[in-house]
Amino acid sequence: MSIGRFARVSGLSVGTLRHYDEVGLLRPAEVDGDTGYRRYRLDQLPQARAIRRLRELELSLDQIREVLATGDLELLKEHRARLEAEIWRHQRAAYHLKRLIEGEDDLMAEPKTVDADHRSLGVALYNDTWRLLEKPDRTPEEDDELVHQAHASTYHWLKAPECEPKNRARGEW
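Residues numbered from 1 in each chain as written. Predicted model: local features only at pLDDT ≥ 70, side-chain atom pairs only at ≥ 80, totals over all residues. Heavy atoms only, no water.

Visitor: Would you mind showing me how to read the overall build of the protein chain here?
Guide: Per the secondary structure count, the protein chain includes eight helices and two strands. What you see in the protein chain, going N to C, is helices and strands ordered as α-α-β-β-α-α-α-α-α-α. Computed over its C-alpha atoms, the radius of gyration of the protein chain comes to 25 Å, more than 25% above the 16 Å expected for a compact globule of 173 residues. C-alpha atoms of the protein chain, sized along the principal axes, occupy 80 × 35 × 25 Å. Across the protein chain, every contact between residues at least 6 apart in sequence was considered, and the portion connecting residues at least 24 apart equals 45%. (Helix = DSSP H or I, 4+ residues; strand = E, 2+ residues; numbered from the N terminus. Rg over C-alpha atoms; globule rule 2.2 N^0.38 Å. Contact = heavy atoms within 4.5 Å.)

Encoded structure:
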């Protein structure tokens, strides 16, 4: 079938199909030597649709090439972990923006220093736990550190005189 028809049926644009041909991701079944027209076979549709779907999931062309060649689901798991870390970073940024917008935080205020009181330690450990949670390629040692910091954060929050039920819930979560 022509590239235009294949584009409509596969959900990919003609330009995208040309690009995938150029980078060797999805070659047409034949290319007319005189006109350069590309033609595709019906049995190439599943691969084209898989590529479209993986691009919608924000995989790079190199990652797609590897997944299609090997069927390695570990690549998809790693990609998902990176996406989740990015989502957490965005949620955290949105939370802090909301606090600034609603006047709960002062943009120009001097940053608080972490001293030895329980509340400050709980906050510092909690924030660093999130830093580790958001890290897409944590080592096993960092996983251990994350768990220990989460426990330590909860301990210090529970010892703080101004501990509220929501602080306990956050620590348990």
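Additional details are given in the paragraphs that follow.
Visitor: How should unusual backbone geometry be read in this particular structure?
Guide: Of all residues except glycine, most have a negative phi; of all peptide bonds, most are trans. Although it is not a glycine, E58 sits at a positive phi angle of roughly 70°. With respect to the secondary-structure elements, E58 resides in the loop between α3 (45–56) and α4 (61–70). A residue is classified by how much of its surface remains accessible, and E58, at 55% relative accessible area, is exposed. (Buried < 20%, exposed > 50% of the residue type's maximum accessible area, 1.4 Å probe, protein only.)

Visitor: How do you make sense of the pattern of salt bridges when you look at a structure like this?
Guide: Pairs can form between side chains of opposite charge once their charged atoms are near each other. All chains considered together, the criterion is met by 13 salt bridges. Notably, a salt bridge pairs R138 with D143, separated by 2.6 Å at the nearest N-O pair. Look at the salt bridges and you will find they share partners, linking D21, R27 and R38 into a network. (Salt bridge = Lys/Arg side-chain N within 4 Å of Asp/Glu carboxyl O.)

Visitor: What should I look at first to understand α3 in this one?
Guide: Residue pairs three or four apart in sequence face the same way in an α-helix, which turns once every 3.6 residues. Helix length check: α3, at twelve residues, gives a terminal C-alpha distance of 16 Å against a target of 16 Å (1.5 Å per residue), a fit within 8%. Among all positions in α3, only L45, A48, I51 and L54 are buried. Each element contacted by the buried residues of α3 is listed here: α1 (3–10), α2 (14–22), α4 and α5 (73–101). Backbone geometry just downstream of α3 places E58 in the positive-phi region, at approximately 70°. (Expected span 1.5 Å × (residues − 1).)

Visitor: I'm lost on the packing of α3 against α4 in this one. Help?
Guide: Each pair of packed helices gets described by two things: the angle between the helix axes and the distance between those axes. The geometry of α3 relative to α4 is characterised by a closest axis approach of 10 Å and an angle of 135° between their N-to-C directions. Accordingly, the angle class assigned to the pair α3 and α4 is oblique. Note on packing geometry: the crossing formed by α3 with α4 is right-handed. Residues Q47, A50, I51, L54 and R55 of α3 pack against L61, I64, V67 and L68 of α4. Among the residues forming the contact of α3 with α4, the class breakdown is seven nonpolar, one polar and one charged. (Axes fitted to C-alpha atoms, helices over the stretch in contact; angles between N-to-C directions. Parallel < 35°, antiparallel > 145°, perpendicular 65-115°, else oblique. Left-handed = near helix turned anticlockwise from the far one by under 90°. Nonpolar A, V, L, I, M, F, W, Y, C, P; charged D, E, K, R; others polar.)

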